[in-house]
Amino acid sequence: MVNIAVMGYGTVGSGVVEVINTNGDIINQRAANEINVKYVLDLRDFPGDPIQEKIVHDVDVIINDPEIKIVVEVMGGVEPAYTFVKRCLEAGKSVVTSNKALVAKHGAELLSVARDRELNFLFEASVGGGIPIIRALNSSLTADKIEEITGILNGTTNYMLTKMFYEGADYAEVLKEAQDNGFAEADPTADVEGYDACRKIAILSSLISGQQVDFEDIYTEGISKITKEDMMYAKKMDMTIKLLASSKRHGDHLHAIVAPALLGKDHPLYNVNGVFNAVFVTGNMLGDAMFYGSGAGKLPTASAVVADVVDAAKHLHRNIMTMWKNEKLTLLPIEDTCKRFFVRLEGNAGERKAEIETAFGAAEFLNVDGLDKEFGVITDVMTEGECMKKVEKLSGVLHVIRLEE
């Protein structure tokens, strides 16, 4: 028997217990051992819930119990999760977490503590919910140099953009609908401003580069400025708009960004809609691959957590996780990256044609029925820095969106 403890009995924590109870036979078969939840740590009591007999309020009960071999951390946030997880590892217990904030900030250190003690610190559910992207990078794709990872890593924003695109709804409308349906928090800032996706791409960037990529260094732009007018232009161009989290190699450098992007119908992420997530990976030997599924939710996330528990149970005395160094990776500055841009401007395209061509050189002009007091421009390929300098000199700029090609 392998005894485990679950720290946090919220949405994911209760899901972990449910998955183990529901699929216990098959989980035990695959782990070649019986997985038993001995403790659940929470500040609250749960009278009437069978879990109450396992509830403890003091983390030391877990840390000081030699029977506990694996600890599941699903409390969220950096503290006290970091302190509890580090103490568990130092006490000789492997740790499984779904906590992206913890992994993004302290992943390198906690991986190192686990390796030194021949334990495991596993975090599949921290990036793609139920999508097994960490496991793929850690085992299936270890023969490849990963050239690019680009993903739709936040279900809330993808749900909202899908609604805006197909229904012509505006941002405030779809945000309220997402909140009413439980897809968005009362305070949606972490999702809609891209912070959630930023932490996830920081983790993936650290894995593929082998060095610490700080999420604070990643240029991050959310969807709160996307309008139904932007979507009208997207349709005119036979494109859609998605919030992408991307990490790409440029020679010896890595570039990472989170921002809305225009995608054509031939892009593999074009048809990823609703609350679903997907991760597109390019390896120098593999070529292209895509991982698609439920990126959040109680049971998909809990399923990924329990899969890590099974891995940890099968490797109780052998470290299996790819490391990345504490040494910080310097990212390629966003100003030096190249792409095409879509620029919306006030006024009449005919009247401003000479001005726009002086600024951008060759450019494609767009007009959309119903939007008579503005027009759009698609630029040639240029650096981000060049584009922003040109945009700053123009009057009446309504919005700038990058093209992903």
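What counts and what doesn't
- Residues numbered from 1 in each chain as written.
- Predicted model: local features only at pLDDT ≥ 70, side-chain atom pairs only at ≥ 80, totals over all residues.
- Heavy atoms only, no water.
- Helix = DSSP H or I, 4+ residues; strand = E, 2+ residues; numbered from the N terminus.
- Buried < 20%, exposed > 50% of the residue type's maximum accessible area, 1.4 Å probe, protein only.
- Arc of directions from axis to C-beta.
- 1 Å grid on protein atoms, 1.4 Å probe; cavity = no way out; pocket = protein on both sides within 12 Å on 5 of 7 lines; lining within 4 Å.
- Points joined across faces, edges and corners; volume = space filled by probe spheres on them.
- Nonpolar A, V, L, I, M, F, W, Y, C, P; charged D, E, K, R; others polar.
- Phe/Tyr/Trp six-rings, centres within 6.5 Å; stacked < 30°, edge-to-face > 60°.
- Lys NZ or Arg CZ within 6 Å of the ring centre and 35° of its normal.
- Patch = residues over 30% accessible without salt bridge, like charges linked within 9 Å, V, L, I, M, F, W, Y side chains within 5 Å.
- Areas by Shrake-Rupley, 256 points an atom, 1.4 Å probe, with all protein chains shown as cover.
- Salt bridge = Lys/Arg side-chain N within 4 Å of Asp/Glu carboxyl O.
- Axes fitted to C-alpha atoms, helices over the stretch in contact; angles between N-to-C directions.
- Left-handed = near helix turned anticlockwise from the far one by under 90°.
- Contact = heavy atoms within 4.5 Å.
- Pairing = 2+ DSSP bridges.
- Parallel < 35°, antiparallel > 145°, perpendicular 65-115°, else oblique.
- Core = buried A, V, L, I, M, F, W, Y, C linked by side-chain atoms within 4.5 Å.

Now for unusual backbone geometry. For the peptide bond that leads from Glu79 to Pro80, omega is 5 degrees, which places it in the cis range. With respect to the helices and strands, Pro80 occurs in the loop between β4 (68-73) and α4 (81-90). Unusually for a residue other than glycine, Asp238 sits at a positive phi of about 60 degrees. Relative to the helices and strands, Asp238 resides in the loop between α12 (228-236) and β10 (239-250).

With that settled, the discussion passes to α12. Within α12 the residues assigned to the buried category are Asp230, Met231, Tyr233 and Ala234. Buried residues of α12, seen end-on, are gathered within an arc of 160 degrees and therefore sit on one face of the element. Positive backbone phi, approximately 60 degrees, marks Asp238, located one or two places after α12.

Bringing the layout of surface pockets into the picture now. Regions of empty space are outlined by a rolling probe, equal in size to a water molecule, passed over the atoms. Reported here for the largest pocket is a volume of approximately 1,200 Å³. Along the walls of the largest pocket sit 45 residues, with Lys100, Glu185, Asp196, Ala296 and Gly297 positioned nearest its centre. Every element with two or more residues in the lining of the largest pocket is listed here: α1 (11-22), α5 (100-116), α6 (125-128), α8 (155-167), α10 (189-192), α11 (195-209), β12 (276-283) and α13 (298-314). In terms of residue class, the lining of the largest pocket is made up of 16 nonpolar, 21 polar and eight charged.

For the rest of this paragraph, the subject is the packing of aromatic side chains. Under the counting rule described, the total for this entry stands at eight aromatic pairs. Summarising the aromatic geometry, the rings of Phe165 and Tyr166 are spaced 4.8 Å apart at their centres and angled 85 degrees between planes, so their arrangement reads as edge-to-face. Note on Phe165: relative accessible area 7%, which makes it buried. Through a chain of ring-to-ring contacts, the aromatic side chains of Phe121, Phe123 and Trp324 assemble into a single cluster. Arg199 extends its terminal NZ or CZ atom over the ring of Phe215, reaching a point 4.0 Å from the ring centre. Between the NZ or CZ atom of Lys235 and the centre of the ring of Phe165, over which it lies, the distance is 5.2 Å.

The next point concerns a nonpolar patch on the surface. On the surface, Phe183, Val275, Phe276, Met290 and Tyr292 cluster together into a nonpolar patch covering about 420 Å² of accessible area. Along the polypeptide, Met290 turns up in strand β13 (residues 287-294). The exposure class of Met290 is partly exposed, given its relative accessible area of 37%.

When two helices pack together, their arrangement is captured by the angle between the axes and the distance separating the axes. It is at 9 Å that the axes of helix α2 (residues 24-31) and α13 come closest, and there the two elements cross at 35 degrees. The two elements α2 and α13 meet at a crossing, and its hand is right-handed. Where α2 approaches α13, its residues Ile27, Arg30 and Ala31 are matched on the opposing element by Val306, Val310, Ala313 and Lys314. Across the contact of α2 with α13, the residue classes tally to five nonpolar, no polar and two charged.

Turning to the sheet that holds β4, a few remarks are in order. Taken together, six strands build an open sheet; the order of strands is β3-β2-β1-β4-β5-β6 and the sheet is parallel. At either end of the open sheet lies a strand with only one pairing partner, and these are β3 (55-56) and β6 (121-122). With four bridges joining them, β4 and strand β5 (residues 94-97) adopt parallel strand pairing. The partner of Val72 across the bridge, within β5, is Val96. Sheet contacts for α4: β1 (2-7), β2 (35-41), β4, β5 and β6; angle to β5, the most-contacted strand, approximately 150 degrees.

So, on to the packing of α1 against α13. At a minimum axis separation of 8 Å, α1 and α13 run at an interaxial angle of 65 degrees. Comparing the axis directions of α1 and α13 gives the class roughly perpendicular. As α1 packs across α13, the resulting crossing turns out to be right-handed. Taken together, the residues of α13 that come into contact with α1 (itself represented by Thr11, Val12, Ser14, Gly15, Val16, Glu18, Val19 and Ile20) are Lys298, Leu299, Thr301, Ala302, Ser303, Val305 and Val306. Looking at side-chain class alone, the contact of α1 with α13 contains eight nonpolar, five polar and two charged residues.

Time to look at the side chain of Lys163. Locating Lys163 in the fold gives a position in helix α8. Contact partners of Lys163, with chain neighbours within four places excluded, come to Gly168, Ala169, Val174 and Glu177.

One pass over the structure, following the stated rule, counts one cavity of 30 Å³ or more. Empty space within the largest cavity amounts to approximately 30 Å³. As for the largest cavity, its lining consists of Leu161, Thr162, Phe165, Tyr166, Thr240, Lys242, Tyr270 and Asn273. Of all the elements in the fold, those that place two or more residues in the lining of the largest cavity are α8 and β10. Along the lines of polarity and charge, the residues of the lining of the largest cavity split into four nonpolar, three polar and one charged.

By size, the foremost hydrophobic cluster in this structure holds 120 residues, and its most contacted members are Ile4, Phe121 and Phe123. Phe121 has contacts with Val85, Val95, Thr97, Leu102, Val103, Gly107, Leu110, Leu111, Ala114 and Met321, leaving out every residue within four places of it along the chain. If you look at the next biggest cluster of nonpolar residues, it comprises 14 residues, including Phe341, Ile356, Val377 and Cys387.

Let us now look at α2. Residues Gly24, Ile27 and Ala31 constitute the buried set of α2. Along the axis of α2, the buried residues cluster in a sector spanning 65 degrees; they form a single face. Residues of α2 that are exposed and point more than 90 degrees away from the buried face comprise Asp25, Gln29 and Arg30. Contact partners of the buried residues in α2: α1, β2 and α13. Looking one or two residues beyond α2, the residue adopting positive phi is Ala32, at roughly 55 degrees.

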